[in-house]
There are 2 protein chains.
Amino acid sequence: MDKKIIRAALLGFGTVGTGVYKVLQKQKEDMIPKLGSQIEIKKILVRNLEKAAAKVEDPAVLTNNWDEIVNDPEIDIVIELIGGIEPARSYILAALNAGKHVVTANKDLIAVYGKELLDAAEVHHVDFLFEAAVAGGIPIIRPLKECLAGNHMAEVMGIVNGTTNFILTKMTQDGMEFKDALALATELGYAEADPTADIEGLDAGRKVAILASVAFNSRVVFDDVYIEGITKITAKDIKYAKEMGCDIKLLGVAKNTEEGIEAYVCPMLIPSSHPLASVNDSYNAVFVNGDAVENAMFYGRGAGELPTASAVVGDLFDIARNIKANCCARIGCTCYKELPVKKMADTYSRYFMRLIVEDRCGVLAEMTAVFAKYGVSVAQIIQRAARAEESAEVVVITAKVREGDFRTAMEDLSGRSSVRKVSSMLRVYGE
Amino acid sequence: MDKKIIRAALLGFGTVGTGVYKVLQKQKEDMIPKLGSQIEIKKILVRNLEKAAAKVEDPAVLTNNWDEIVNDPEIDIVIELIGGIEPARSYILAALNAGKHVVTANKDLIAVYGKELLDAAEVHHVDFLFEAAVAGGIPIIRPLKECLAGNHMAEVMGIVNGTTNFILTKMTQDGMEFKDALALATELGYAEADPTADIEGLDAGRKVAILASVAFNSRVVFDDVYIEGITKITAKDIKYAKEMGCDIKLLGVAKNTEEGIEAYVCPMLIPSSHPLASVNDSYNAVFVNGDAVENAMFYGRGAGELPTASAVVGDLFDIARNIKANCCARIGCTCYKELPVKKMADTYSRYFMRLIVEDRCGVLAEMTAVFAKYGVSVAQIIQRAARAEESAEVVVITAKVREGDFRTAMEDLSGRSSVRKVSSMLRVYGE
């Protein structure tokens with residue numbers, strides 16, 4: 001089909017929507033030589049017509065009526081940037097059913113309804129692309145589906161939430177406590193008014209579900225991902241981690257093991273020499289390990305108006321090229337396996353823990369005896385006098401152990417009178 | 001075309017060819033569900049049939065006769081891994097003219113004859129892909145052509161030669177001198193028997209030409225790239241750089257400025273806080289800056305059997321998908337602009353230099369007067385007593401200055417009796 005003008009509709013005109021509009025304007029003169037066609041935004045679905053009018057050249061593109069978009073046969077592509085589950089899901093399904101291609105940055109939706117949406121796209125032979133849903137402007141979905149398709153991926157992991165990475169960076173570099181760093185993040189616009197989805201790890205969890213599905217060719221949904229946030233991390237944890245040669249990062253991890261997929265998000269100690277340890281501020285980075293490529297990392301802006309728009313427009317251009325070459329739906333769902341997802345209790349990790357114990361002879365012996373009972377080996381230990389009288393602070397890093405066994409050991413330990421408090425318990429990334 | 005078996009031929013069966021063969025074997029069971037078709041290696045062109053026989057299941061795939069490949073209508077794809085200009089160029093052109101798709105890792109060829117080859121592919125409506133030609137396993141060509149296509153790229157630069165990065169890492173971390181680090185690289189197999197192309201920066205220069213062409217949509221060839229190698233770098237330069245908060249890396253840099261494209265390869269000081277400064281050993285990384293994505297970086301193995309094969313197989317899979325969707329040559333040459341390339345003398349940079357000067361009153365004043373005459377401002381200066389009697393070592397970092405003016409200043413300076421020796425002169429990356 002040699003179509004010179006391809007018409008698209010934007011659903012939502014917030015930060016990313018505005019970014020997409022701007023980027024398409026900047027690319028106006030490049031589209032014909034680059035793609036062979038011109039992409040035009042024909043309609044923008046907004047809630048408040050008046051408020052949006054200031055942001056467009058011609059207010060006639062604005063509408064608050066979805067039917068005007070879905071029923072317009074001239075509109076080839078719908079760009080969904082409303083976010084959340086409804087009405088985004090219904091709109092996308094209706095668009096796909098109407099034979100329109102869809103580009104979205106909606107991680108909440110894909111992490112739960114990815115299969116449904118990709119199936120609908122396949123039935124109607126249209127494209128459903130979502131590069132912007134993971135790690136903002138960083139190319140990762142297409143590299144995994146195409147450039148790295150010759151690999152069996154063993155692992156895909158990384159820093160996929162900019163808000164929490166900013167907070168942890170401030171806690172590490174300036175010794176701030178969590179609540180002060182969060183306040184600063186809010187002040188600077190890195191954290192939303194309700195920061196729950198970020199600081200509790202939910203946002204990162206959605207991205208891990210999507211990354212794991214694409215990397216391992218097997219569907220992983222949000223509910224499969226074990227999630228812990230960063231609200232309990234203290235400046236003291238970070239200080240001890242540094243003493244042990246590590247930084248603390250909120251990591252999203254997906255591993256493809258023989259017994260099944262592991263998928264989790266939690267604050268972890270990571271050796272300071274690892275490339276991810278120096279990914280700071282609101283930057284994101286995704287690290288992959290495959291049987292051919294070995295280690296590779298993709299680094300950049302995980303959010304923001306123009307970086308996220310860069311990913312959305314990349315998808316739009318891909319569809320324009322597909323329309324021109326008459327090969328839409330060239331690559332659809334790549335989940336052709338059905339691998340089990342492991343329970344968190346069945347994963348293996350090293351653990352870092354900080355305890356306040358009674359400061360008397362025999363306490364360390366008791367602790368290590370409990371560990372031994374459950375097969376937990378101690379790899380590193382630091383003991384210091386704590387502030388409270390007759391108590392001592394003990395920091396331990398264990399050898400690799402099954403999470404379930406470690407938890408049982410910790411329950412046993414915390415029930416004992418010699419253990420006054422378990423202050424922290426964090427996983428340690430790596431062998 | 002619903003083709004269940006796609007036949008390919010390998011030209012060359014060295015490190016990368018063997019890697020491609022292995023990776024395709026590992027992907028045997030995945031190709032049908034992933035691509036809808038099976039890629040089979042029908043022929044492998046080798047020089048020595050006997051030597052190669054040990055590496056394949058069925059020696060009947062081996063041939064030393066190119067005609068058997070180019071004249072075989074069953075062979076859809078030719079994978080050129082011979083390297084160098086001839087016979088690679090003639091083989092590729094013949095394959096394209098015969099309507100076969102071509103995948104290559106041949107940077108020497110593309111950096112000089114890229115346009116000719118891409119034009120031939122376009123005429124015959126076939127794919128010509130070369131992801132493996134730059135930075136081995138790291139996805140960068142396809143991300144630039146597709147994922148980041150919505151950007152006007154301002155810069156693409158990075159560490160694109162693993163051998164020199166290994167050498168500089170050893171010089172930095174262990175204080176080795178260049179020739180000892182090179183000897184170690186040779187011993188460990190990171191450097192070839194004739195290391196000229198690596199240590200003189202030629203290999204990196206080819207990659208810069210290709211990266212600039214793809215990133216800026218305008219052809220840059222090898223001859224356009226200004227090149228300096230790392231043979232004159234000393235452990236002392238690295239020590240002084242560290243004192244000034246920098247590391248020394250062999251950087252390939254391409255910038256898209258209003259006056260034209262800058263393209264050069266040279267050892268440069270880079271702030272230790274820059275993500276590229278911690279890319280060590282034989283790892284590569286490519287850093288890009290675009291008007292939408294802002295900063296992004298791609299990191300991984302720039303060479304090696306399986307990492308490079310990962311990129312080749314990614315291209316092969318892309319072609320298999322194009323064949324299935326009947327959209328070959330979907331993306332061809334993306335150089336639709338004709339931007340000028342600047343002379344090195346017209347580029348701007350900060351400079352680091354190390355001089356041995358007479359240790360007497362007035363010498364610094366004379367130096368700075370010469371600098372001032374040519375518009376060179378001094379940003380940082382260190383002066384130490386040198387070993388030779390009555391001489392002092394001065395290390396200077398300048399503010400940004402036009403290269404031509406800086407060179408004139410240096411000529412003036414080195415002609416003066418007070419300057420005994422210009423030990424080093426290096427550019428400094430960044431503003």
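See the structure shown above.
Presented here is a report on the structure given in the accompanying data block. (Residues numbered from 1 in each chain as written. Chains lettered and ligands numbered in written order. Predicted model: local features only at pLDDT ≥ 70, side-chain atom pairs only at ≥ 80, totals over all residues. Heavy atoms only, no water.)

1. What about the packing of aromatic side chains?
Two aromatic rings are characterised by how far apart their centres lie and by the angle between their planes.
All names here are of chain A.
Here is step 1 of the chain: All chains considered together, the criterion is met by 13 aromatic pairs over all chains.
Here is step 2 of the chain: Summarising the aromatic geometry, the rings of Tyr283 and Tyr299 are spaced 4.8 Å apart at their centres and angled 10° between planes, so their arrangement reads as stacked. Here Tyr283, found in strand E11 (residues 283–290), pairs with Tyr299, found in strand E12 (residues 294–301); they are 16 residues apart in sequence, far enough to count as distant.
Here is step 3 of the chain: Ring geometry for Tyr351 and Phe406: centres 4.0 Å apart, planes at 10°, overall stacked. On the criterion of sequence distance, the pair formed by Tyr351 in strand E13 (residues 348–358) and Phe406 in helix H15 (residues 403–414) is long-range, its members being 55 residues apart.
Here is step 4 of the chain: Note on Tyr351: relative accessible area 1%, which makes it buried.
Here is step 5 of the chain: For Phe406, a relative accessible area of 0% puts it in the buried group. (Phe/Tyr/Trp six-rings, centres within 6.5 Å; stacked < 30°, edge-to-face > 60°. Helix = DSSP H or I, 4+ residues; strand = E, 2+ residues; numbered from the N terminus. Buried < 20%, exposed > 50% of the residue type's maximum accessible area, 1.4 Å probe, protein only.)

2. So, the interface of chain B and chain A
Bring the parts together and some accessible area is lost; that lost area is often taken as the interface size.
Here is step 1 of the chain: Residue-level contacts link 51 residues of chain B with 51 residues of chain A.
Here is step 2 of the chain: Interface area for chain B against chain A, summed over the two sides, is near 4400 Å², with a carbon-plus-sulfur share of 53%.
Here is step 3 of the chain: Between chain B and chain A we count 8 salt bridges in total.
Here is step 4 of the chain: Close ionic contact of Glu294(B) with Arg301(A) constitutes a salt bridge, the shortest N to O distance being 2.8 Å.
Here is step 5 of the chain: For the interface between chain B and chain A, the tally reads 22 residue pairs in polar contact (both at pLDDT 80 or more).
Here is step 6 of the chain: Sorting the residues of the side of chain B that touches chain A by element identifies helix H1 (15–26), helix H2 (31–35), helix H7 (141–147), strand E12 (294–301) and helix H13 (305–325) of chain B as the ones contributing at least two each.
Here is step 7 of the chain: The leading source of residues in the side of chain B that touches chain A is H13(B), at 10 residues.
Here is step 8 of the chain: Residue classes in the side of chain B that touches chain A are distributed as 23 nonpolar, 14 polar and 14 charged.
Here is step 9 of the chain: Taken together, the 5 bridges between E12(A) and E12(B) define a ladder with antiparallel strand orientation. Bridge pairing in E12(B) places Tyr299(A) opposite Met297(B). (Contact = heavy atoms within 4.5 Å. Buried area = accessible area lost by both parts, 1.4 Å probe. Salt bridge = Lys/Arg side-chain N within 4 Å of Asp/Glu carboxyl O. Polar contact = N/O pair within 3.5 Å; in protein donor to acceptor, adjacent residues only side chain to side chain. Nonpolar A, V, L, I, M, F, W, Y, C, P; charged D, E, K, R; others polar. Pairing = 2+ DSSP bridges.)

3. Looking at the sheet that holds strand E6 (residues 128–129) of chain A
Residue and element names in this part refer to chain A.
Here is step 1 of the chain: In space, the 6 strands of this open sheet follow the order E3-E2-E1-E4-E5-E6, with parallel pairing throughout. Whereas interior strands pair on both sides, the edge strands pair on one side only; in this sheet they are strand E3 (62–63) and E6.
Here is step 2 of the chain: Bridge count between strand E5 (residues 101–104) and E6: 2 bridges; the pairing is parallel. Residue Val103 lies in a different strand from E6, and its bridge partner there is Leu129.
Here is step 3 of the chain: Contacts from helix H5 (residues 88–97) reach strand E1 (5–11), strand E2 (38–45), strand E4 (75–80), E5 and E6 within the one sheet, and its direction differs from that of E5 by about 150°. (Axes fitted to C-alpha atoms, helices over the stretch in contact; angles between N-to-C directions.)

4. A closer look at a nonpolar patch on the surface
All names here are of chain A.
Here is step 1 of the chain: The grouping of Leu364, Val378 and Ile381 at the surface amounts to a nonpolar patch, some 210 Å² of accessible area in total.
Here is step 2 of the chain: With respect to the element layout, Leu364 can be found in helix H14 (residues 363–373).
Here is step 3 of the chain: With relative accessibility at 32%, the residue Leu364 sits in the partly exposed group. (Patch = residues over 30% accessible without salt bridge, like charges linked within 9 Å, V, L, I, M, F, W, Y side chains within 5 Å. Areas by Shrake-Rupley, 256 points an atom, 1.4 Å probe, with all protein chains shown as cover.)

5. Structural notes on the relation of the copies chain B and chain A
One copy of the chain maps onto the other through a rotation about an axis followed by a shift along the same axis.
Here is step 1 of the chain: Screw-axis analysis of chain B against chain A gives a translation of 0.0 Å along the axis, an RMSD of 0.0 Å, and a rotation angle of 180°. Given the turn and translation reported, the copies of this chain are related as if by a two-fold rotation axis. If distances are taken from each C-alpha of chain B to the rotation axis, the shortest is found for Phe298(B), at 2.5 Å.
Here is step 2 of the chain: An overlap of 100% is found between the interface residues of chain B and their copies at the interface of chain A, pointing to a shared contact surface. (Least-squares fit on C-alpha atoms with pLDDT ≥ 70 in both.)

6. Topic: the nonpolar core
Here is step 1 of the chain: Core analysis: the biggest nonpolar cluster contains 170 residues, and Val288(A), Phe128(B) and Val288(B) have the highest contact counts within it.
Here is step 2 of the chain: Look past the residues within four positions of Val288(B) in its chain and what remains in contact with it is Ile140(B), Leu144(B), Leu148(B), Met153(B), Glu155(B), Val156(B), Glu294(B), Asn295(B), Ala296(B) and Phe298(B). (Core = buried A, V, L, I, M, F, W, Y, C linked by side-chain atoms within 4.5 Å.)

7. A short note on the pattern of salt bridges
Here is step 1 of the chain: Overall, the coordinates contain 82 salt bridges over all chains when judged by the stated rule.
Here is step 2 of the chain: Glu131(A) is paired through a salt bridge with Arg142(A); the nearest N and O atoms lie 3.9 Å apart. With a gap of 11 residues between them, Glu131(A) in the loop between E6 and helix H7 (141–147) and Arg142(A) in helix H7 connect regions that are remote in the sequence.
Here is step 3 of the chain: On the basis of relative accessibility, which here comes to 3%, the residue Glu131(A) falls in the buried class.
Here is step 4 of the chain: A relative accessible area of 5% means that Arg142(A) is categorised as buried.
Here is step 5 of the chain: Bridged by salt links that share partners, the residues Glu131(A), Arg142(A), Glu146(A), Asp315(A), Asp318(A), Arg330(A), Glu131(B), Arg142(B), Glu146(B), Asp315(B), Asp318(B) and Arg330(B) form one connected network.

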